[in-house]
Amino acid sequence: MPPKILLTRPWPEGAFEYLKIRYDVTVSDSGVPLTKDQLIAAMSQYDALCPTVTDKLTAEVLGVAGARVKMIANFGAGFEHIDLAAAKAAGIRVTNTPDVLTEATAEIALLLILMTSRRASEAERGLRNGAWAGWKPTQFLGQSLDGKTLGLAGFGRIGQAVARKARAALGMNIAYYSRHRVAPEIEAELGALYVGSLDELAARADVLSLHTPGGPETHHMINAALLKRMKPTAILINTARGSVVNEVELAEALAARTIAAAGLDVYEKEPVVNPALLPLDNAVLLPHLGSATVETRNNMGLRAAYNLDRFFAGEDLLDGIA
């Protein structure tokens with residue numbers, strides 16, 4: 001009998017077809033995250049789980065007695081929703097999909113940079129609700145990006161991809177802060193200036209784009225104090241993790257025009273968006289579209305499936321994180 005696999009959300013067709021001819025696959029298609037009790041029950045019913053960021057795999061879930069699940073192939077690169085220590089203690093292997101969503105996420109960051117700097121979301125709403133009565137010299141004026149500084153907090157694969165696109169397409173200058181400075185040849189290729197602290201980067205940047213992991217070290221690293229260090233014309237972009245931004249203090253800074261605008265694709269309590277952000281014209285809010293292309297989502301599913309293949313074949317995993 002093939003191993004039994006639970007997908008907590010439907011997968012794109014290509015990746016799903018690959019999986020279902022190899023495994024006994026069950027799909028939760030309710031459209032809502034599984035509850036704690038449903039996840040606990042699944043631990044005894046399946047050989048492997050394929051969760052998403054919306055599934056909270058806590059120590060209580062992973063540590064259930066007599067669990068059958070010994071493999072979690074996460075559909076996504078982020079894994080803050082999985083208690084890795086509890087998984088390890090239970091002898092459960094965990095993988096993610098780290099290499100297949102770089103370009104798609106970088107594109108969304110660029111989209112948010114353009115939408116915020118040119119007030120595109122606000123202007124489109126104005127057109128739809130009748131506020132646009134024709135071309136005027138002073139209506140919906142935004143900011144040019146040419147020659148401006150893009151500050152990247154975190155400079156891994158996605159941060160570098162954003163830098164490459166912004167420099168080539170928009171003529172932006174690049175500065176970055178990261179725990180580890182990249183190789184000199186990468187800095188030279190991207191014209192990237194390393195700065196020694198996030199505070200310095202925030203003060204220097206015209207656009208501050210976040211590309212850090214989640215977790216305790218980065219929790220609410222964007223807060224009122226840091227936002228006050230930014231230029232009043234500056235823009236904040238977050239395509240990383242919702243937990244890195246204090247959304248209450250960001251909403252206050254946007255309402256007070258402490259900074260000019262913010263573009264967000266991720267939120268701390270997804271799918272809930274902090275209600276203080278919703279009425280703000282200078283906040284562009286996207287529903288976690290970072291990897292939302294057919295190609296990328298299929299590749300994410302296939303990457304998870306390849307990790308399942310290797311696990312059940314007793315081979316080394318491609319992307320083992322626990």
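In case you missed it, the structure is sitting above this.
Residues numbered from 1 in each chain as written. Predicted model: local features only at pLDDT ≥ 70, side-chain atom pairs only at ≥ 80, totals over all residues. Heavy atoms only, no water.

Draft legend 1. Structural context of the pairing of strand β1 (residues 4-7). Across 4 bridges, the pairing between β1 and strand β2 (residues 24-27) is parallel. Across the sheet, the residue bridging to Lys-4 is Asp-24, located in β2. As judged from the 3 bridges shared by β1 and strand β3 (residues 48-50), these two strands associate in the parallel manner. In the sheet register, Ile-5 faces β3, and the bridge partner there is Ala-48. (Pairing = 2+ DSSP bridges. Helix = DSSP H or I, 4+ residues; strand = E, 2+ residues; numbered from the N terminus.)

Draft legend 2. Looking closely at the sheet that holds β2. Read across the open sheet, the 5 strands follow the order β2-β1-β3-β4-β5; overall the sheet is parallel. Of all the strands in the sheet, the pair left with one neighbour each is β2 and β5 (93-95). Each adjacent strand pair in this sheet contributes to an overall mean axis angle of 15°, direction not counted. Of the strands in this sheet, β1 and β2 touch helix α1 (residues 13-20), which is tilted by about 140° from β2. (Axes fitted to C-alpha atoms, helices over the stretch in contact; angles between N-to-C directions. Contact = heavy atoms within 4.5 Å.)

Draft legend 3. Seen up close, the sheet that holds strand β11 (residues 261-264). What the 7 strands build is an open sheet, ordered β8-β7-β6-β9-β10-β11-β12; its pairing is parallel. The sheet is open, and its two edges are formed by β8 (192-194) and β12 (283-285), each paired on a single side. Strand-to-strand twist in this sheet, taken as the mean axis angle between neighbours without regard to direction, amounts to 20°. Two strands pair when backbone bridges link them, and strand β10 (residues 235-238) and β11 are joined in this way by 4 bridges, in the parallel orientation. Among the inter-strand pairings, Asn-238 is bridged to a residue of β11, identified as Leu-264.

Draft legend 4. Representation of unusual backbone geometry. Following Glu-270, the chain continues into Pro-271 via a peptide bond in cis, with omega recorded as 5°. Note on placement: Pro-271 falls in the loop between β11 and β12. Positive phi, close to 55°, is recorded for Phe-140, a residue that is not glycine. Tracing the chain through its elements places Phe-140 in the loop between α6 (120-128) and β6 (149-153). Taking the relative accessible area as the measure of exposure, Phe-140 reaches 23% and is therefore partly exposed. The backbone of His-288 shows a phi angle near 50°, a positive value even though the residue is not glycine. (Buried < 20%, exposed > 50% of the residue type's maximum accessible area, 1.4 Å probe, protein only.)

Draft legend 5. Region of the structure containing the packing of aromatic side chains. This model, assessed by the stated rule, comprises 6 aromatic pairs. A centroid spacing of 5.8 Å and a plane angle of 50° characterise the contact between Tyr-23 and Phe-312, whose relative ring orientation is tilted. In this pair, Tyr-23 is assigned in the loop between α1 and β2 and Phe-312 in helix α12 (residues 294-312), connecting sequence segments 289 residues apart. Residue classification places Tyr-23 among the buried positions, given a relative accessible area of 8%. (Phe/Tyr/Trp six-rings, centres within 6.5 Å; stacked < 30°, edge-to-face > 60°.)

Draft legend 6. Layout of helix α11 (residues 247-255). Listed as buried for α11 are Glu-247, Leu-250, Ala-251, Ala-253 and Leu-254. What you see down the axis of α11 is that its buried residues fit within an arc of 165°, all on one side. With respect to the buried face of α11, the exposed residues turned more than 90 degrees away are Glu-252 and Ala-255. Turning to α11, the residues buried within the fold contact α10 (224-229), β10, β11 and β12. Looking at where α11 begins, the residue whose side-chain oxygen comes 3.2 Å from the main-chain nitrogen of Val-248 is Asn-246. Once α11 ends, the next one or two residues include Arg-257, with phi positive near 60°. (Arc of directions from axis to C-beta. Polar contact = N/O pair within 3.5 Å; in protein donor to acceptor, adjacent residues only side chain to side chain.)

Draft legend 7. Examining the environment of Phe-140 more closely. In this structure, the C-alpha to C-alpha distance between Phe-140 and Arg-118, residues 22 residues apart in sequence, is 7.8 Å. The residues touching Phe-140, leaving out its near neighbours within four places in the chain, are Arg-118, Arg-119, Glu-122, Ala-123 and Gly-126.

Draft legend 8. Structural view of the nonpolar core. Of all hydrophobic cores here, the largest spans 30 residues; its most connected members are Leu-208, Leu-210, Ile-222, Met-230, Leu-236, Leu-250 and Leu-254. For this core, the secondary structure elements donating two or more residues are α9 (198-204), β9 (207-210), α10, α11 and β11. A per-element tally of this core places α11 first, with 4 residues. Residues contacting Leu-236, with those up to four places away along its chain left out, are Leu-208, Leu-210, Ile-222, Met-230, Val-245, Leu-250, Ile-259, Ala-261, Ala-262 and Gly-263. Counting 28 residues, the second largest nonpolar core, distinct from the first, contains Ile-113, Ala-163, Val-182 and Val-284. (Core = buried A, V, L, I, M, F, W, Y, C linked by side-chain atoms within 4.5 Å.)

Draft legend 9. Highlighting helix α2 (residues 36-43). Of all the residues in α2, the buried ones are Leu-39, Ala-42 and Met-43. Buried positions in α2, seen along its axis, are confined to an arc of 105° and lie on one side of it.

Read these as layout, nothing more, since geometry by itself doesn't imply function.
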